[in-house]
Amino acid sequence: MEGLGLSYRLILLHIFLLTIPRVYGSEGVEKTSALFIFGDSTVDPGNNNYIDTAPENRANYKPYGQNGFFEAPTGRFSDGRIIVDFIAEHAKLPLIPPYLEPSADFTNGVNFASGGAGVLPETHKGLAIDLSTQLKYFEEVQRSLTEKLGEAKAKNIITEAVYFISIGSNDYIAGYLANPTMLELHGPGQYVGMVIGNLTNAIQTLYHKGARKFAFLSLSPLGCIPSLRAANLQGSDDGGCLEAASALAIGHNTALKNVLTSLEHVLRGFKFSNPDFYNWLDDRLNNTSKYGFKDGVNACCGTGPYRGLLTCGGKNKTTDFELCENANDYIWFDAFHPTERMHQQIADAVWDGPPSFVGSMSLKDLFFTREKLTIADIVDIPGGENLQ
């Protein structure tokens, strides 16, 4: 009889599993997870429009946004959309609004990113919304959602949401390589440790506020962006990639991966997607035509070598800029940022790319895969304690 009881419970468990609604890949899903975004100009949708900052930290003027998707420049550092716009589309969400946009609806998430921002508060201090301030803004959104929707519903939104983080480049380019004081005080490894330590604290802060699903855009080959190629050329080099910057990116990415793996083991329910963006982009820079581009070295907009000087439009700038005929031919739109076409390719890859790129979990998995039952979950099912 004892064996029969076990079989009966196994049948009940099987029926229970079959009755869990299948969300992954469903075409008729009306409600999906919210999307909260933290970062720098790679994902800034226009927060810097509302702060007092330097002209180069804004993109709410032509030729930004020139491709016609938006009626006018929005503050995105692109000829059109950016990666998180395409991610929202994949996730069946509307465009995620900038936090500082008046009367923005935060129900589907919010974007806190700021052009020029760093993980460290010293990076572009006073000219951007650093990561710690972005976290404070998140607390305000959390309170706002609780007041508007009630504690239970707000908590559900926070817990089920995906947290997309793209930040760190400014810490290494402006905060370290262009900062003689930091170069003198800290070796590369020590500085990477400072950045990763602060980023780890931010992740843990979000986790303790209810976040569980995280996605990270790792750093690109920083030395190969047009601005740093131009700087390398001015330094009497051949104008190739600035290896010191790319080495910092590799160190950052390796350290972040190790931290995320450790957090996965110590924080219950913590899940993450951390695609290998460095090698993915490096492949496109070295095999440009293979991926439908004509130029992976020069920017579409700017002046000077590789159009790598910060002269792409803008107020209070006296230097005329050059502009390519077709941004879709280029990987880079300006001295630092990709074109919309490249943003879309990045978004498609992180959304549902091969395991060799996304690792064990893609963004699609974070948004749509149902939870897998563990032994602890089974014990919570009536009679489940006898199935161990």
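All figures in this text were calculated on a predicted structure; none of them were measured in a lab. (Residues numbered from 1 in each chain as written. Predicted model: local features only at pLDDT ≥ 70, side-chain atom pairs only at ≥ 80, totals over all residues. Heavy atoms only, no water.)

A.B. asks: What's the story with helix α3 (residues 131-149) in this structure? I'm lost.
C.D. replies: Working note: α-helix, 3.6 residues per turn, so residues spaced by three or four point in the same direction. A rise of 1.5 Å per residue sets the reference length of α3, with its 19 residues, at 27 Å; its end C-alpha atoms lie 26 Å apart and thus fit the reference within 8%. Residues of α3 that are buried include every one of Leu131, Gln134, Leu135, Phe138, Val141, Gln142 and Leu145, and no others. For α3, the angular spread of buried residues about the axis comes to 110°, placing them on one side. In α3, the exposed positions angled more than 90 degrees off the buried face are occupied by Lys136 and Glu147. Looking at the buried residues of α3, the elements they touch are β1 (35-39), β2 (109-111), α4 (151-160), β3 (162-166) and α7 (188-208). Of the residues trailing α3, Gly150 is marked for its positive phi of about 95°. (Helix = DSSP H or I, 4+ residues; strand = E, 2+ residues; numbered from the N terminus. Expected span 1.5 Å × (residues − 1). Buried < 20%, exposed > 50% of the residue type's maximum accessible area, 1.4 Å probe, protein only. Arc of directions from axis to C-beta. Contact = heavy atoms within 4.5 Å.)

A.B. asks: How should the packing of aromatic side chains be read in this particular structure?
C.D. replies: Two aromatic rings are characterised by how far apart their centres lie and by the angle between their planes. Evaluation of the coordinates by the stated rule reveals 24 aromatic pairs. Site record: aromatic cluster; members linked through ring pairs are Phe36, Phe38, Tyr99, Phe106, Phe112, Tyr137, Phe138, Tyr163, Phe214, Phe216, Phe270 and Phe272. The ring of Tyr291 has Arg284 sitting right over it, with the charged end atom 3.9 Å from the ring centre. Note that Arg341 overlies the ring of Phe293, its terminal NZ or CZ placed 4.7 Å from the centroid. (Phe/Tyr/Trp six-rings, centres within 6.5 Å; stacked < 30°, edge-to-face > 60°. Lys NZ or Arg CZ within 6 Å of the ring centre and 35° of its normal.)

A.B. asks: Looking at this structure, how should I read unusual backbone geometry?
C.D. replies: Glycine aside, a negative phi is what most residues show, and trans is what most peptide bonds show. With an omega of 15°, the peptide bond between Lys62 and Pro63 qualifies as cis. Mapped onto the fold, Pro63 is located in the loop between β1 and α2 (83-90). Even without glycine at this site, Lys92 takes up a positive phi of about 60°. You can call Lys92 partly exposed: its relative accessible area is 40%. In this structure, Ser103 takes a positive phi of about 60° despite not being glycine. Checked against the element boundaries, Ser103 lands in the loop between α2 and β2. What makes Ser103 exposed here is its relative accessible area of 80%.

A.B. asks: It is not clear to me how the pairing of strand β4 (residues 213-216) should be interpreted in this structure. Could you clarify?
C.D. replies: Within a regular strand, the side chains alternate between the two sheet faces. Neither face of β4 is exposed, since Lys213 and Ala215 on one face and Phe214 and Phe216 on the opposite face are all buried. Across four bridges, the pairing between β3 and β4 is parallel. Bridge pairing in β4 links Tyr163 to Phe214. Strand direction decides the pairing type here: β4 and strand β5 (residues 271-273), joined by three bridges, are parallel. Bridging across to β5, Phe214 finds its partner in Phe272. (Pairing = 2+ DSSP bridges.)

A.B. asks: Just to check I follow, could you spell out the side chain of Ser78 for this structure?
C.D. replies: Mapping Ser78 onto the fold places it in the loop between β1 and α2. A polar atom in the side chain of Ser78 sits 3.0 Å from the backbone oxygen of Arg81. (Polar contact = N/O pair within 3.5 Å; in protein donor to acceptor, adjacent residues only side chain to side chain.)

A.B. asks: Please clarify how the confidence of the model for the chain should be interpreted in this entry.
C.D. replies: Predicted confidence across the chain gives a mean pLDDT of 88, with 84% of residues reaching 70 or more. When the criterion is pLDDT under 50, residues 10-30 qualifies, and its contacts beyond four places in sequence or with other chains add up to 22 contacts. Per-residue pLDDT stays below 50 along residues 371-388; that stretch engages in 21 contacts with residues further than four places along the chain or on separate chains. (pLDDT = per-residue confidence, 0-100.)

A.B. asks: Can you help me understand the nonpolar core in this one?
C.D. replies: Considering soluble globular proteins, one finds that nonpolar side chains tend to be buried as a cluster. Counting 94 residues, the largest nonpolar core has Phe36 and Phe164 as the members making the most contacts within it. Among the elements that make up this core, the one with the highest residue count is α7 (nine residues). The next biggest cluster of nonpolar side chains, apart from the first, holds 11 residues, and it includes Ala59, Tyr61, Cys312 and Phe333. (Core = buried A, V, L, I, M, F, W, Y, C linked by side-chain atoms within 4.5 Å.)

A.B. asks: Just to check I follow, could you spell out the sheet that holds β2 for this structure?
C.D. replies: The pairing of strands in a sheet comes from backbone hydrogen bonds and takes either a parallel or an antiparallel form. The parallel open sheet is built from five strands, whose spatial order is β2-β1-β3-β4-β5. Pairing within the sheet leaves two strands with one partner each, and these edge strands are β2 and β5. Taken over all neighbouring pairs, the strand axes of this sheet differ in orientation by 20° on average, direction set aside. In this structure, β1 lies alongside β2, joined through three bridges in parallel fashion. By the bridge assignment for β2, Leu35 is matched with Gly109. Seen against the sheet, α7 touches β1, β3 and β4 and runs at an angle of roughly 155° to β4. (Axes fitted to C-alpha atoms, helices over the stretch in contact; angles between N-to-C directions.)

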